[in-house]
Amino acid sequence: MNHLLELVGVQKSLGHRSVLNGADLTIDAGEIVWMVGRNGSGKTTLIKVAAGMSTPGKGTVLWFGNRPSSRLRSRIGVLLDESFLYGELTAEENLLYYAKIYGLKDARKQVHDGLEQVRLHRDKHVLVKAFSKGMKQRLAIARTFLHQPEVLFLDEPYDGLDAASSQLLTFWLENLQKAGAGILLVSHEANAFRELPVRTVKLAQGRLIEGDSQ
Amino acid sequence: MNHLLELVGVQKSLGHRSVLNGADLTIDAGEIVWMVGRNGSGKTTLIKVAAGMSTPGKGTVLWFGNRPSSRLRSRIGVLLDESFLYGELTAEENLLYYAKIYGLKDARKQVHDGLEQVRLHRDKHVLVKAFSKGMKQRLAIARTFLHQPEVLFLDEPYDGLDAASSQLLTFWLENLQKAGAGILLVSHEANAFRELPVRTVKLAQGRLIEGDSQ
Amino acid sequence: MKKWQWTLVALLGIGMIISQYMDFIASPPEAQMGNVVRIMYFHVASAVVAFTAFGVTALLGLIYLVRKKWIWDQLARVSAEIGVVYTTFVLISGSIWGDAVWNTWWTWDPTLTTTLILWFLYLAYILLRASIADRERAAKVASVYGFIAAIDIPIIHQSVTWWRGIHPNVITAQGFNMPPIMVFTLLFSFLVFLGLYSVILWISTMMAKDRDELSDLRELARNALAKYDERVGS
Amino acid sequence: MIFWRVLWSMVGKDLRIEWRTKQLFISSLSFALLLVFLMGLVLYGSSNMTHFADAGLLWLLIMMAGLFSLNRQDDKERWDGAIYGATMVPTDRSVLFYARVMSHLLFVVVMEVVLVPLYSVVLGTSIQLAWGPIILVLLMGTLGFVAVGALLTSLALTSSLREILVPIMIFPLSVPLLLGVVEVTSSMLQGNWGKGVWWAVIAAYDILFLVLPGLLYDFIAEV
Amino acid sequence: MIFWRVLWSMVGKDLRIEWRTKQLFISSLSFALLLVFLMGLVLYGSSNMTHFADAGLLWLLIMMAGLFSLNRQDDKERWDGAIYGATMVPTDRSVLFYARVMSHLLFVVVMEVVLVPLYSVVLGTSIQLAWGPIILVLLMGTLGFVAVGALLTSLALTSSLREILVPIMIFPLSVPLLLGVVEVTSSMLQGNWGKGVWWAVIAAYDILFLVLPGLLYDFIAEV
Ligand code: HEM
Ligand SMILES: Nc1ncnc2c1ncn2[C@@H]1O[C@H](COP(=O)(O)OP(=O)(O)OP(=O)(O)O)[C@@H](O)[C@H]1O
Ligand SMILES: Nc1ncnc2c1ncn2[C@@H]1O[C@H](COP(=O)(O)OP(=O)(O)OP(=O)(O)O)[C@@H](O)[C@H]1O
Ligand SMILES: [Mg+2]
Ligand SMILES: [Mg+2]
């Protein structure tokens, strides 16, 4: 079977800095890969390249064994520091928009469930620009999980979440993993998911090193 | 002696929501007050009011026993989710700008030290808009501490920091506390500063409750 | 540089001297304009280089989109930069010439207007590239933009026939409407100008390559320092 | 199929946002109206302006209003990276372009409904022809501008000079179109339909800039 | 003392940013040039425009360029809350206003140095008077606009109405000033200094909008 995600020799420069320098990575079904690395080592950059939001200078990115394509895009989910939400729409409208784009059946029901899961159902008619940091982060999580992606890229998903939400997130990640999703998780906050079985990789000098945790 | 900070019956509405509803708080020299509360409970709003960035609807804010004034402003420091940095200036230029505004003696030396402390001295000539999330957060921390404020408002200062930087921050907080500063700390990440002696207050329903931690 | 490259550059130098001689001494003054006509050799040759340069940008941009090879993109970029410089020459020499024969620096003749547009279009090209941090994205965006902007070139060339203006049109499908010696001088200056263009294109691209290697080296040094920091820190 | 579904969701979302921020529409409109008014103030007395100049100023005004709308929408989509979410669409990314064109077209046309009559009143220009042809040239011209603008904003998406580069690219790229619509409009002010060649230029622009982006877009939207 | 130190740091910082992003200055200038150029194209042949119209279009152009500059600086200061940092200054907050006025004034004046001569060449307007008075009215007029603009952007600093308020209010608020400078400039194009009353209007604007904000600022900027 194919890997869910495969990066081979990925190289990427930003400005005059060569940030990634031949990074290799594979993720298989049911795997959570925890990527660590110092601030500025290129974790976010790697996620952007792997998720097809940015083109690698050299090297290849494969999703489910194929080159990224528009068809495959609906099977991956990305959560970055930016929430990808419209400030002028309410929480519910934002999710509905994404549900429609992804062509979900039962859009309303799914959106309703999503909001309830992140405990935002009471604020669903509030404009997102009036959300607090953690509320926005929770809505962004709901957005990422909405179309049940098989590969997930999560860049510091625990940021801004209160204790209860953190636990919930860990619980979901566990379920997703059991359901066979592949997850690339970047987080400085090891405590939040210490019960999860993760494979650790470390990003340093533009390359990924297996197994090294700190 | 006066309290470093005193909030009495602070009330604040945003949009149609009454976010703060008679919040009282005092902070004395050498105290770290850890404020907890669910997402959206109004912690950031409270900090903005206490730091004089936003006017309370009702109630009073006292700094060092007096009403906020421009003279007193140079004795407080604020760190919010927004970094207050200019993207088009380099790390060094940003700090120099703040050093000049606060009229620090030895501006260059202080800035140099600040950069070294947050381990950004190698990136001091990089424009801030090209910084990674954690690098920006570190620079914002350096900015907040630059003029050695006596009262510090820190809204989720550990966000985005890698493990080494987290430890450093805790270490500084300890030192500041010993030096007699008053610190209002908002963080969902209790582990990072579990060794610090903190006084916990909880924000709920727009009011502050002493001693309640979760 | 290699020996044959030096030889070519030397030949170009000699060509430039000959070209100057023909412009100012060998070719005759014109019946109505007199000596002012000598601006033509500079003016028209600059226009030819500018058009060529932008054409090359458009073409190499498309090649880049298919092949994704960094070198095509760099050549396209440098070519556009040279093109802007030569368009500036066209505008300046034309204005000087215009002041002499039309008694005005500028008028809203279609050829002039579209040439000014060309200048703005490629100034924007340079700014666009410079303001995108992601190298691959900058290259792709510039390729697409360079292709679209090049549409202006045929418009300029056709402007004389589409709109009636006062800018002369002597090079037509029927040939050159001027004496053979002038035609020869003009063609020779085309040759020399295009030669100069090629040399600048080549050297600038080499320089870009060097700059790239330099930033790679700098990155190596950075990484080494980071490793050192880590060891000292812990 | 998927393409249309996505296109429709996007346009719907844009309209919803416009509707929500009505004040913003009003402000764009007021801005344009104020410009008309100031032009009237300033050109007052120069009633011997040519029809060409009359038509030209009107179109410049429309272009400025369109630019305003482009910038505004751009702001909205850049807020917390909203636009990057949309690049994850499970269909050809050119849908982003077409959705943009549709929303802008609607926006600018609604502005024109107010602006054009007012302009003719304020500057005392009387229109000698039936409204039919005027509406036709307004629609076709606006479509052309909007298409050029939508393409260029997508190109400049990640540029740090975005807000200022877009106008610099838009104006030169649409000069032939501008000349076309101004020529046609000024003919109309004198009571005839204008030369065929100008209509051809306008039509060519519309077609070119609606088809070309569809082909090139997958290169510029990442991956 | 502290006031001047802070003022100076702020203006220095603005200049440094401008200098860093020279491309930005180049592009603002190109934008203004393009507007001149398009006006030339459109008004070509209408050379029987009144002096009043000539002067009026020039000033509209300057206002547009100024508005552009205001928006740009506003964007820079809003990036990641940079401006909130500046509200923590240990002196009277009106320093923010004066720093803004100074930076803008410099920016717009540098643009005018290129724009004004070009405008007169492109539109074929010849200036009959010595440059001295022209420069005086340009400086005084620009100062007035810039002060009004800086006041409005600061007023609307934290308001989400910013994008709405600024463009709508800036034009009506400066209509008297606009009339004044246009009258004076058009007189100058005919070879005299213009009526004293207009000079008084301009001077009154400059003084009013430089003094008033200093007094009111601490009320209008949050705390
Ligand atoms: C600012 C003013 C001017 C500009 C921007 C300008 C621009 C150009 C351009 C772009 C071309 C190449 C056109 C093509 O490929 O067909 C050209 C060609 C030429 N220009 Fe000019 N020009 C200017 C003024 C003048 C003046 C004043 C004269 C002489 C009266 C002149 C004489 C010529 C001639 C003889 C050619 C070659 C004609 C041809 O290609 O058929 N130009 N100019
Ligand atoms: N636009 C840019 N121009 C130049 N360099 C950039 C740009 N964007 C990012 N960088 C550099 O790329 C490097 C990697 O950034 P990235 O955001 O991927 O780091 P990260 O590992 O996610 O860090 P963090 O833990 O702080 O989030 C940083 O050193 C940063 O300075
Ligand atoms: N502009 C606004 N208009 C209306 N309501 C707002 C606005 N800004 C914030 N709010 C509301 O105020 C409440 C408090 O927000 P605040 O950012 O202070 O929360 P917080 O405690 O800091 O949360 P978090 O832990 O997520 O950072 C939220 O419920 C939010 O919805
Ligand atoms: Mg990151
Ligand atoms: Mg908060």
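Residues numbered from 1 in each chain as written. Chains lettered and ligands numbered in written order. Predicted model: local features only at pLDDT ≥ 70, side-chain atom pairs only at ≥ 80, totals over all residues. Heavy atoms only, no water.

*Asks:* Looking at this structure, I do not really get the overall build of chain C. What am I missing?
*Replies:* A count of helical and extended segments in chain C gives 7 helices and 2 strands. Relative to the globule expectation of 17 Å for 234 residues, the C-alpha radius of gyration of chain C, 22 Å, shows a markedly less compact shape. With respect to the three principal axes, the spread of C-alpha positions in chain C is 85 × 40 × 30 Å. Here chain C holds 234 residues, and 47% of them are scored as buried. (Helix = DSSP H or I, 4+ residues; strand = E, 2+ residues; numbered from the N terminus. Rg over C-alpha atoms; globule rule 2.2 N^0.38 Å. Buried < 20%, exposed > 50% of the residue type's maximum accessible area, 1.4 Å probe, protein only.)

*Asks:* What should I look at first to understand the overall build of chain D in this one?
*Replies:* Along its length, chain D carries 9 helices and 0 strands. Traced from its N-terminal end to its C-terminal end, chain D shows the element sequence α-α-α-α-α-α-α-α-α. At 18 Å, chain D has a C-alpha radius of gyration in line with the 17 Å of a compact globule built from 223 residues. For chain D, the spread of C-alpha atoms along the three principal axes comes to 55 × 35 × 30 Å. Counting across all 223 residues of chain D, residues that qualify as buried make up 66%. Residue pairs in contact within chain D that sit at least 24 positions apart in sequence constitute 84% of those at least 6 positions apart. Looking at chain D as shown, the accessible area adds up to about 7,600 Å², and 72% of this sits on carbon and sulfur atoms. Computed over 12 positive and 14 negative side-chain charges, the separation of the two mean positions in chain D equals 7 Å. (Contact = heavy atoms within 4.5 Å. Areas by Shrake-Rupley, 256 points an atom, 1.4 Å probe, with all protein chains shown as cover. Lys, Arg positive; Asp, Glu negative; His and termini not counted. Charge placed at Lys NZ, Arg CZ, Asp CG, Glu CD.)

*Asks:* What exactly am I supposed to notice about the coordination of the iron atom of ligand 1 here?
*Replies:* Six octahedrally arranged donors around a metal ideally form angles of 90 or 180 degrees; four tetrahedrally arranged donors ideally form angles of 109.5 degrees. Residue and element names in this part refer to chain C. Binding of the iron atom of ligand 1 to the protein goes through H43 (NE2) and H167 (NE2), at separations of 1.9 to 2.1 Å. Considering all 6 donor atoms around the iron atom of ligand 1, the spread of angles at the metal, 85 to 178 degrees, places the coordination shape in the octahedral class. Linking H43 in helix 2 (residues 39-67) with H167 in the loop between helix 6 (152-162) and strand 1 (171-172), this pair joins segments that are 124 residues apart in sequence. Under the relative-accessibility criterion, H43 is labelled buried at 10%. (Donors = N, O, S within 2.8 Å, 3.2 Å for Na, K, Ca; no water. Tetrahedral: all angles 85-135°; square planar, octahedral: opposite > 155°, others 65-115°.)

*Asks:* What is the right way to read the packing of aromatic side chains from this model?
*Replies:* How two aromatic rings sit relative to each other is given by the distance of their centres and the angle of their planes. Tallying each qualifying case throughout the model produces 31 aromatic pairs over all chains. Taken together, a centroid distance of 5.0 Å and an interplanar angle of 75 degrees make the contact between E:F97 and E:Y98 edge-to-face. Here A:R143 stacks its cationic end above the ring of A:Y98, 5.7 Å away from the centre of that ring. Across from the ring centre of B:F64, 4.0 Å away, lies the NZ or CZ of B:R75, which sits over that ring. (Phe/Tyr/Trp six-rings, centres within 6.5 Å; stacked < 30°, edge-to-face > 60°. Lys NZ or Arg CZ within 6 Å of the ring centre and 35° of its normal.)

*Asks:* Got a minute to help me understand the environment of C:Y125 in this structure?
*Replies:* Residue position: C:Y125 is located in helix 4 (residues 110-130). Residue C:Y125 is classed as buried on the basis of its relative accessible area, which comes to 2%.

*Asks:* So what exactly am I meant to see when it comes to the site of ligand 3 here?
*Replies:* Neighbouring residues of ligand 3: 19 residues in total, closest A:S132, A:G134, B:R17, B:T44 and B:T45. Near ligand 3, the surrounding residues belong to chains A and B. The contact in question runs from an oxygen atom of ligand 3 to an N or O atom on the backbone of A:G134, over 2.7 Å. Taking B:G42, its main chain carries an N or O atom lying 2.8 Å from an oxygen atom of ligand 3. Relative to its free-state accessible area of 640 Å², ligand 3 is covered by the protein chains to the extent of 84%. Contributing elements (two or more residues each) for the shell around ligand 3: helix 5 (133-145) of chain A together with strand 2 (17-27) and helix 1 (43-50) of chain B. Of the residues contributing to the shell around ligand 3, the split by class is 4 nonpolar, 10 polar and 5 charged. (Near = heavy atom within 4 Å. Polar contact = N/O pair within 3.5 Å; in protein donor to acceptor, adjacent residues only side chain to side chain. Nonpolar A, V, L, I, M, F, W, Y, C, P; charged D, E, K, R; others polar.)

*Asks:* Hey, could you run me through the confidence of the model for chain D in this one?
*Replies:* Detailed reading of predicted coordinates is not advised where the pLDDT is low. Of the residues in chain D, 91% reach a pLDDT of 70 or more, and the chain-wide mean stands at 83. Mean pLDDT across the elements of chain D ranges from a minimum in helix 2 (residues 22-43) of chain D, with 75, to a maximum in helix 6 (residues 131-155) of chain D, with 90. (pLDDT = per-residue confidence, 0-100.)

*Asks:* What's the story with the arrangement of the chains in this structure? I'm lost.
*Replies:* Most contacts, among the 9 pairs of chains that meet, fall between chains D and E. There is a gap between chain A and chain E: no contact, and a shortest C-alpha distance of 10 Å.

*Asks:* Explain unusual backbone geometry here, please?
*Replies:* Glycine aside, negative phi is the norm for most residues, and most peptide bonds take the trans geometry. One non-glycine residue, B:E156, lies in the positive phi region at around 50 degrees. In this structure, B:E156 sits in the loop between strand 6 (151-155) and helix 6 (163-178). Of note, the phi angle at D:D80 is positive, near 45 degrees, even though the residue is not glycine. Following the sequence through the fold, D:D80 ends up in the loop between helix 3 (51-78) and helix 4 (82-86). D:D80 gets classed as buried once you look at its relative accessible area, which sits at 19%.

*Asks:* Explain a nonpolar patch on the surface here, please?
*Replies:* Judged by side-chain polarity, E:I207, E:L208, E:V211, E:L212, E:L215 and E:L216 come together as a nonpolar surface patch covering roughly 550 Å² of accessible area. Judged by its relative accessible area of 45%, E:L208 falls in the partly exposed class. (Patch = residues over 30% accessible without salt bridge, like charges linked within 9 Å, V, L, I, M, F, W, Y side chains within 5 Å. Salt bridge = Lys/Arg side-chain N within 4 Å of Asp/Glu carboxyl O.)

*Asks:* Help me out: how do you make sense of the sheet that holds strand 4 (residues 58-63) of chain B in this one?
*Replies:* As a general point, the strands of a sheet are linked pairwise by backbone hydrogen bonds and lie either parallel or antiparallel. Residues and elements named next belong to chain B. Here we have 3 strands laid out as an open sheet, ordered 2-1-4, and antiparallel in their pairing. Unpaired on one side and paired on the other, strand 2 and strand 4 mark the two borders of the sheet. For this sheet, the mean inter-axis angle between neighbouring strands, taken without regard to orientation, is 25 degrees. Judged from the 8 bridges that link them, strand 1 (residues 5-14) and strand 2 form a sheet pairing that is antiparallel. Following the sheet pairing, L7 is matched in strand 2 by L25. Across the sheet, helix 1 lies against strand 1, strand 2 and strand 4, angled at about 120 degrees from strand 1, the strand it touches most. (Pairing = 2+ DSSP bridges. Axes fitted to C-alpha atoms, helices over the stretch in contact; angles between N-to-C directions.)

*Asks:* Explanation requested: the packing of helix 6 of chain D against helix 7 (residues 162-173) of chain D in the structure shown.
*Replies:* A pair of packed helices can be characterised by two numbers: the angle between their axes and the separation between those axes. Residues and elements named next belong to chain D. Between helix 6 and helix 7, whose axes approach to 10 Å, the crossing angle comes to 145 degrees. For the crossing formed where helix 6 meets helix 7, the hand is right-handed. Facing helix 6, whose interface residues are V148, G149, L152 and T153, helix 7 presents V166, M169, I170 and L173. Class assignment of the residues belonging to the contact of helix 6 with helix 7 gives a composition of 6 nonpolar, 2 polar and no charged. (Left-handed = near helix turned anticlockwise from the far one by under 90°.)

*Asks:* Whenever I open this one, the interface of chain C and chain A confuses me. Can you help?
*Replies:* Many structure descriptions define interface size as the accessible area lost when the parts assemble. Listed by partner, the interface residues are 12 residues for chain C and 14 residues for chain A. Across the chain C/chain A interface, buried area totals approximately 1,200 Å², and carbon plus sulfur atoms make up 38% of it. Three residues stand out in chain C for area buried against chain A, namely C:E136, C:E219 and C:E230, and they jointly supply 37% of the buried area on that side. At the junction of chain C with chain A, the criterion picks out 3 salt bridges. (Buried area = accessible area lost by both parts, 1.4 Å probe.)

*Asks:* I would appreciate a short explanation of the sheet that holds strand 6 of chain B in the present structure.
*Replies:* Residue and element names in this part refer to chain B. Strand order in this open sheet of 6 strands is 5-6-7-3-8-9, and the pairing throughout is mixed. Strand pairing shows two members of the sheet lacking a second neighbour, strand 5 (76-79) and strand 9 (207-210), which therefore form its edges. Strand after strand, the sheet turns through a mean of 20 degrees between neighbouring axes, direction not considered. Looking at chain direction, strand 3 (residues 32-36) and strand 7 (residues 182-186) are connected through 4 bridges and run parallel. For M35, the partnering residue across the bridge sits in strand 7 and is V186. Contacts from helix 5 (residues 133-145) reach strand 5 and strand 6 within the one sheet, and its direction differs from that of strand 5 by about 170 degrees.

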